[in-house]
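# Descriptive structure summary
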Amino acid sequence: MTKQYTASSRHTEHASPVGSQFAVLKSPQRGQLAALSIAAVVIMVGVPLWWRTTETYRAWLPVSQINELANMQLQLSADVEVVFARGTVTPEQQKKVPLTQTQDEEHTVDGDLIFKAVCDPMVTKYEDCKLIHADLSLHTLSESPCGSLVVYVIPESSSLLPEDMDVYIGQRRTALLRIGAQMRVGRTVEQLLAHLEPRIKQVLQVMSFSHTDITAALSDRVRLSPGNKESIADSMRAFKSSPGYEITFSLLNPDPKSHRLHWDIEGAVQTYIQPLLTKLAPVANFSLDSQTLYYAMLGVNPRFDSSSSAYTLNSDSLAHVINPVEARLGSNAASSNPVLNFLLYVPDAHHSPLYIHDNKKQEVPSNAFHSPRWGGIMVYNVNGFYRPEAVLPVDININMAKVMGVFLAQLRLLLGVQSSTAPPGFLMAPCGSTGLADWELDRLMWSRSVENVATATTTITSLAQLLDQIGNIVINDNIAEQVSSAVTSLQLAVAELEAGNLGFALQYSKEAIMASERAFFDPSLLHLLYFPDDQKFAIYIPLFLPMCVPILLSLLKIVSEARQKRREKQAKKD
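Residues numbered from 1 in each chain as written. Predicted model: local features only at pLDDT ≥ 70, side-chain atom pairs only at ≥ 80, totals over all residues. Heavy atoms only, no water.

### Let's talk about the UniProt feature "transmembrane region" (unreviewed entry) in the chain
Basically, it comes down to this: UniProt positions are given in the numbering used here, feature names are shortened, and annotations may be inferred rather than shown by experiment. Numbering of helices and strands runs from the N terminus; a helix is a DSSP stretch of H or I covering at least four residues, while a strand is a stretch of E covering at least two.
The positions UniProt marks with the feature "transmembrane region" (unreviewed entry) are residues 33–51 and 537–559. As annotated, residues 33–51 has a helix share of 100% and a strand share of 0%, and its two end C-alpha atoms lie 26 Å apart. Summarising residues 537–559: 100% helix, 0% strand, and an end-to-end C-alpha distance of 29 Å.

Now the structure itself:
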């Protein structure tokens, strides 16, 4: 029994080292498997989950279409209908007159931007003009749609035009063109049309659009040479295109103790201003308000001119008049639309009469001036009411017809309605009771459409470049929808301009500029715009470093042991 126990004891002593060696061999493999498992879970699960939950959401944008807009070529088309009156062409010429004829001109604004002016189609008819005795009759004979023109060619013997005038431009979209007798007899139709072509182009430039108008509309997008800047100086006084405008009429009474002023601003606006704004409804929306400011001074001391026994304001001091007055005007904080200010200043008794002088020291007939993209100021003298027997304060009724005539002219200039200079031989009708001729409205709509297209294109391309350069900016679905809407509206506006549909082109261009502005100034674009990379490292390093260091060290150890085993096996083989 004892011997067996001893043998069994020896057997146990020999078996114990083998089990211990087996346990030691299994422990490194278990650690390696654990390290590899943790690394696999981190790489395959942790990293994608972290990336997905922390990535910046960026909706899809039509980048290719935006890049095409940046290199687009504008093409403006205007329909000109030429009507030959009886006696302007012979029966043989009448049979050969073409029904349509297209003329196009290409204009380069700068090295990159080109626009093409197309007169398409030019339809010719043969009508009896005996009933045309006034502009209204011309309009009744052929009512032209927005953006188109009708030119009536009349014989030289016609009494509709004065002898020294060859072209008459009416209040609507019609014009009269006198043809010479030498061109009617013994000339071919081609020679006749070639003779009329220069005059028709002049009519088109006066009544529709010109190179200067389009250059001025694109002035904020392209670099202009000094010569071009001088040619568009008049257009730079106008406000930039906007969906709406605020118009404020203010009466400044610096001396209420001397005079009590009465002005029928509501009736005057309805009589003189509202017809113009109603006609401008396709261009923008307008809101009107008025106010009376007491003890409001100009802020500039006028000089007394002993030769005329009056006070004067020189042109050099007019720039210092606006700032002190503007502080009293207030502003409409609820609206982001531009404000047009029209001020009627009635000087006090101690500085009356007060006259404004121009650069040549001459008295300005209207006694008013305007500031570009701000408004206008008119000085209304009432010194004639101060008689020796008058009792202060004197009641004064302001002549609103005189005042509104000045404000209406200033309003036209500030809204971009440019008074075209008539070429030699042109006779232009007055604008009428509405303050705006039909062709002047078309001319403004052409400029506004091109300006809106250029502004919206610049805004969208700038936004696309910004979003491409800064990857931290969130692009939500609303911004993507606004950008896509702006791009679609721009494409439609360009297509309508090319087709000559001016009304639709202006509407689409307004939609494009509003959508682009909403996308560009969306507050959500600024959330992660100024989040620098060093702040990211400061957040993520304390989170990931304690976890990643043991895993990396374990992986390095596994790689090192694998290389060691490979070398040992290679040594045994050798």
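Here the narrative resumes, following the displayed structure.
### Quick look at unusual backbone geometry
Here the amide bond leading from Ser 352 into Pro 353 is cis, since omega sits at 5°, within 30 degrees of zero. Positionally, Pro 353 belongs in the loop between β12 (339–345) and β13 (354–356). The phi dihedral of Tyr 295 falls on the positive side, at around 55°, and the residue is not glycine. As for its position among the elements, Tyr 295 is in the loop between β9 (285–294) and β10 (303–305). Here Arg 373, not a glycine, exhibits a phi torsion of approximately 55°, which is positive. Relative to the helices and strands, Arg 373 resides in the loop between β14 (368–371) and β15 (375–379).

### Observations regarding a nonpolar patch on the surface
Note the following rule: Patch membership requires more than 30% relative accessible area and the absence of a salt bridge. Residues of like charge join within 9 Å; the nonpolar side chains Val, Leu, Ile, Met, Phe, Trp and Tyr join within 5 Å. In this description, accessible areas are obtained by the Shrake-Rupley approach with a 1.4 Å probe, and a residue is regarded as covered only by the protein chains that are shown. Every case where a carboxyl oxygen of Asp or Glu lies within 4 Å of a side-chain nitrogen of Lys or Arg is listed as a salt bridge.
Judged by side-chain polarity, Phe 537, Ile 541, Leu 545, Val 549, Leu 553 and Leu 556 come together as a nonpolar surface patch covering roughly 600 Å² of accessible area. Residue position: Phe 537 is located in helix α15 (residues 533–573).

### Here we look at the pattern of salt bridges
Where charged atoms from two side chains of opposite charge come close, those side chains can pair. Counted only if it meets this: A simple rule labels every residue: compare its accessible area, found with a 1.4 Å probe on the protein chains alone, to the largest value its type can have, and call it buried under 20%, exposed over 50%, or partly exposed in between.
The full count for this structure, using the stated rule, is eight salt bridges. The partner of Glu 451 in a salt bridge is Lys 240, with the nearest N and O atoms 3.3 Å apart. Of this pair, Glu 451 sits in helix α12 (residues 438–469) while Lys 240 sits in the loop between α8 (226–231) and β7 (244–253), and the two are 211 residues apart along the sequence. In this structure, Lys 279 engages Asp 438 in a salt bridge whose closest nitrogen and oxygen atoms are separated by 2.7 Å. Taken together, the positions of Lys 279 in helix α9 (residues 265–279) and Asp 438 in helix α12 put the pair 159 residues apart, joining distant regions of the chain. Under the relative-accessibility criterion, Asp 438 is labelled buried at 13%. One salt-bridge network, held together by shared partners, links Lys 240, Arg 448 and Glu 451.

### Re the packing of helix α2 (residues 63–70) against α12
For clarity, the cut-off: A fitted line through C-alpha atoms serves as each axis, taken over the contacting stretch for helices, and the angle formed by two N-to-C directions is quoted from 0 to 180°. Should an angle fall under 35 degrees it is called roughly parallel, over 145 degrees roughly antiparallel, and 65 to 115 degrees roughly perpendicular, with every other angle called oblique. Two helices crossing with the near one rotated counterclockwise from the far one by less than a right angle form a left-handed crossing, whereas a clockwise rotation gives a right-handed crossing. By definition, residues are in contact when any of their heavy atoms lie within 4.5 Å. Amino acid classes used here: Ala, Val, Leu, Ile, Met, Phe, Trp, Tyr, Cys and Pro are nonpolar; Asp, Glu, Lys and Arg are charged; the rest, including Gly, are polar.
Between α2 and α12, the least distance of the axes is 10 Å, while the angle of their chain directions is 135°. Classified by the interaxial angle, the pair formed by α2 and α12 is oblique. The interaxial crossing formed by α2 with α12 has left-handed handedness. Residues Ile 66, Leu 69 and Ala 70 of α2 touch α12, and the partners they reach there are Thr 457, Ile 460, Thr 461 and Ala 464. Split into classes, the residues belonging to the contact of α2 with α12 amount to five nonpolar, two polar and no charged.

### Considerations on the sheet that holds β10
Defined as follows: Two strands qualify as a pair provided DSSP detects at least 2 bridges between them.
With mixed pairing, three strands are arranged side by side in an open sheet as β10-β11-β13. Each end of this open sheet is capped by a strand with a single partner; those strands are β10 and β13. If you compare each strand with its neighbour and ignore which way they point, the axes differ by 40° on average. Pairing analysis gives three bridges linking β10 to strand β11 (residues 310–313), with the strands arranged antiparallel. In the strand pairing of β11, Arg 303 is matched with Thr 312.

### Comments concerning the sheet that holds β15
Pairing in this open sheet of five strands is mixed, and the strands run β9-β7-β12-β15-β14 from one edge to the other. The open sheet has two edge strands with one neighbour each: β9 and β14. Ignoring strand direction, the axes of neighbouring strands in this sheet form an average angle of 15°. Where β7 meets β9, ten bridges bridge the pair, whose relative direction is parallel. Residue pairing across strands places Glu 246 opposite Ser 287, the latter belonging to β9. Along the sheet, α9 makes contact with β7 and β9, crossing β9 at roughly 150°. Along the sheet, helix α10 (residues 322–329) makes contact with β7, β9, β12, β14 and β15, crossing β9 at roughly 100°.

### What about α12?
Our working rule: Under the convention used throughout, the expected extent of a helix is 1.5 Å for every residue step, that is, one less than its residue count.
Its 32 residues place the ends of α12 47 Å apart at the C-alpha level, agreeing with the 46 Å of an ideal helix rising 1.5 Å per residue. Counting buried positions along α12 gives 25 out of 32 residues, so the element sits mostly inside the fold.

### With respect to the packing of α12 against helix α13 (residues 477–499)
The N-to-C vectors of α12 and α13 enclose an angle of 145°; their axes lie 10 Å apart at closest approach. Classified by chirality, the crossing of α13 by α12 is left-handed. Along its contact with α12, which presents Trp 446, Ser 449, Val 453, Ala 456, Thr 457, Ile 460 and Leu 463, the element α13 presents Val 483, Ala 486, Val 487, Leu 490, Ala 493, Val 494 and Leu 497. Here the residues of the contact of α12 with α13 are counted per class, giving twelve nonpolar, two polar and no charged.

### Focus: the packing of aromatic side chains
This is how it is decided: In this analysis, rings of Phe, Tyr and Trp, with Trp reduced to its six-membered ring, are considered paired at centre separations within 6.5 Å, and the interplanar angle assigns stacked below 30 degrees, edge-to-face beyond 60, and tilted for intermediate values.
Overall, the coordinates contain eight aromatic pairs when judged by the stated rule. Each ring, one from Phe 239 and one from Tyr 245, has its centre 6.4 Å from the other, and the planes form 75°; the classification is edge-to-face. The buried category is assigned to Tyr 245, whose relative accessible area is 1%. Each ring, one from Phe 520 and one from Phe 521, has its centre 5.1 Å from the other, and the planes form 75°; the classification is edge-to-face. In this structure Phe 520 comes out as partly exposed when scored by relative accessible area, which is 31%. Joined through ring pairs, the aromatic side chains of Phe 239, Tyr 245 and Phe 286 make up one cluster.

### A short note on the side chain of Ser 148
Positionally, Ser 148 belongs in the loop between α4 (135–141) and β4 (149–154). Ignoring sequence-local partners within four residues, the contact set of Ser 148 consists of Asp 79, Arg 173 and Asp 442.

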